[in-house]
Protein chains: 2
Amino acid sequence: MAELIQKTRKEHIREVAESLFRRQGYPATSMRQLAGELGIEAASVYSHIKSKEEILRDICFDMAKEFFNEAEIIQNLNMDAESRLRAAITAHIKVITHNIDASAVFFHDWRHLSEPYINDFRVLRMQYQTYLRSIIKQGILEGVFNKSDEKFTVLTILSAMNWTYEWYKPDGKMTYQEIANNLADILINGLKNS
Amino acid sequence: MAELIQKTRKEHIREVAESLFRRQGYPATSMRQLAGELGIEAASVYSHIKSKEEILRDICFDMAKEFFNEAEIIQNLNMDAESRLRAAITAHIKVITHNIDASAVFFHDWRHLSEPYINDFRVLRMQYQTYLRSIIKQGILEGVFNKSDEKFTVLTILSAMNWTYEWYKPDGKMTYQEIANNLADILINGLKNS
DNA sequence: CCTACCGATCGGTAGG
DNA sequence: CCTACCGATCGGTAGG
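Definitions and cut-offs
Residues numbered from 1 in each chain as written. Chains lettered and ligands numbered in written order. Predicted model: local features only at pLDDT ≥ 70, side-chain atom pairs only at ≥ 80, totals over all residues. Heavy atoms only, no water. Near = heavy atom within 4 Å. Polar contact = N/O pair within 3.5 Å; in protein donor to acceptor, adjacent residues only side chain to side chain. Nonpolar A, V, L, I, M, F, W, Y, C, P; charged D, E, K, R; others polar. Contact = heavy atoms within 4.5 Å. Buried area = accessible area lost by both parts, 1.4 Å probe. Salt bridge = Lys/Arg side-chain N within 4 Å of Asp/Glu carboxyl O. Helix = DSSP H or I, 4+ residues; strand = E, 2+ residues; numbered from the N terminus. Buried < 20%, exposed > 50% of the residue type's maximum accessible area, 1.4 Å probe, protein only. 1 Å grid on protein atoms, 1.4 Å probe; cavity = no way out; pocket = protein on both sides within 12 Å on 5 of 7 lines; lining within 4 Å. Points joined across faces, edges and corners; volume = space filled by probe spheres on them. Expected span 1.5 Å × (residues − 1).

Asks: Would you mind going over the protein's contact with DNA strand D with me for this structure?
Replies: Every one of the 15 residues lining DNA strand D counts as a neighbour, but E41, S44 and S47 of chain A together with R32 and Y46 of chain B are closest to it. Those atoms of DNA strand D that come within 4 Å of the protein belong to sugar or phosphate at a rate of 52%. Here a phosphate oxygen of DNA strand D and a backbone polar atom of E41 of chain A are 2.7 Å apart. Between DNA strand D and R32 of chain B, the relevant distance is 2.7 Å, taken from a base nitrogen to a side-chain nitrogen or oxygen of the residue. When its residues are assigned to classes, the surface near DNA strand D shows 5 nonpolar, 6 polar and 4 charged.

In structure tokens form, the structure reads like this:
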């Protein structure tokens, strides 16, 4: 029971932190401000967390986990490259739009992690690029994607997807599926052999 | 002469600040650290600038000016939509890659501007989107781009372009023209009526 | 461009 | 979860 309450409180801290970090960035957000929005004293926050960076760490690595969970599902399905890329884009946009504050922190503030965490983070990033690259490679083998620079292609796909957190509004007129499909239309069409 | 020296020193401060802000972000960079890299005392920096935020302001609005200078040239040329979009992408990538540190600050740290500057900044951003949108509209009128959501299309183009500062290396194997052309190939091909 | 310094605020701890 | 507090550091100023 005590554990249940503590977990809920910690999740609350996490949510408020995500919102503050998103709006102001990690370094510009103080523990006093975080505590203020929670309605407690700054020192009290430390009953639930070890340090300010622990919060950032949790946000960054939990987000990474979300992306990889989706990636693993897609990798284990039997699909042609075009369908797989569309599925990968949809899954990626789903994770971003369903965790919009955490996504902003994930993309912006990972560089404020200290060693060795920042290095672990960079490794995960590379692995995710490798996953996307395998889809592009499959498409080239299938003869459906043109043979442009694979690394550049992956970076372009990531670029187009990752900026979504900057403008996506949960109550906007586009659902995440519509965003993903439009994005997939442009990117897949753009990569196709004509 | 005194003015010339002062101007050079101010530019030096600006360059070092761009590099530090890029690596650490604006809030996480202290004036003492900036002074340290310049080889002077923190208090001495204030002989050349009024405040820390003034440096950020100069970086952000000078970058905006660069983007708009290019945009104005392109708007005044007589071109079909496809060529105009390619020119716009090339110009945009040129500005980013030629000011790689300042670009990172521009995209990351504008939100640490105070009023009224942050609002001015947002207005400029909207104007730039309107400019890109006019190109998309032209393309739809010409029947070369498909009739998808214009706002979304513009945001996608900006997304794909703006992430470049994250991975571009001046000594990498791709020139900025190659990046721009590859990007234009994917985006224009992706937007085309088939 | 420096020394000397300001008030404010930072992340975090001790001890209850 | 609080009071009381720590040493460190912040952006910036006075006065030369």
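Asks: When you look at the interface of chain B and chain A in this model, what are you seeing that I'm missing?
Replies: Where interface size is given, it is often the accessible area lost as the parts come together that is meant. Each side of the interface is counted separately: chain B has 35 residues, and chain A has 35 residues. A buried area of about 3000 Å², summed over both sides, lies between chain B and chain A, and 63% of it is on carbon and sulfur atoms. A per-residue breakdown of the area chain B buries against chain A is headed by F152, W163 and I186 of chain B, which together make up 25% of the total. Taken together, the links from chain B to chain A amount to 4 salt bridges.

Asks: So what exactly am I meant to see when it comes to the side chain of E18 of chain B here?
Replies: All names here are of chain B. Position of E18 relative to the elements: it lies in helix α1 (residues 2-24). Judged by its relative accessible area of 14%, E18 is buried. Here R14 takes part through its side chain, which lies 2.8 Å from a polar atom of the side chain of E18. Beyond its immediate sequence surroundings of up to four residues, E18 is in contact with I59, D101, A102 and V105.

Asks: Just checking my understanding: could you explain empty space enclosed by the protein for this structure?
Replies: With a probe scaled to a water molecule rolled over the atoms, the places where space remains empty come into view. All told, the structure shown has 3 cavities of 30 Å³ or more when counted by the stated rule. What the largest cavity holds in volume is close to 70 Å³. Lining of the largest cavity is provided by 14 residues; of these, D109 and R111 of chain A together with D109, R111 and H112 of chain B occupy positions nearest its centre. Elements supplying a minimum of two residues to the lining of the largest cavity: α6 (100-109) of chain A together with α6 (100-109) of chain B. Looking at the lining of the largest cavity residue by residue, the classes come out as 3 nonpolar, 7 polar and 4 charged.

Asks: Help me out: how do you make sense of helix α10 (residues 176-191) of chain B in this one?
Replies: Side chains of residues three or four places apart in an α-helix project in the same direction, reflecting 3.6 residues per turn. In a regular helix each residue adds 1.5 Å, so 16 residues correspond to 22 Å; α10 of chain B covers 22 Å between its end C-alpha atoms and thus fits that length. Among all positions in α10 of chain B, only Y176, I179, A180, L183, A184, I186, L187, I188, G190 and L191 of chain B are buried. At its buried positions, α10 of chain B is contacted by α8 (150-162) and α10 (176-191) of chain A together with α5 (81-98), α7 (117-141), α8 (150-162) and α9 (164-167) of chain B.

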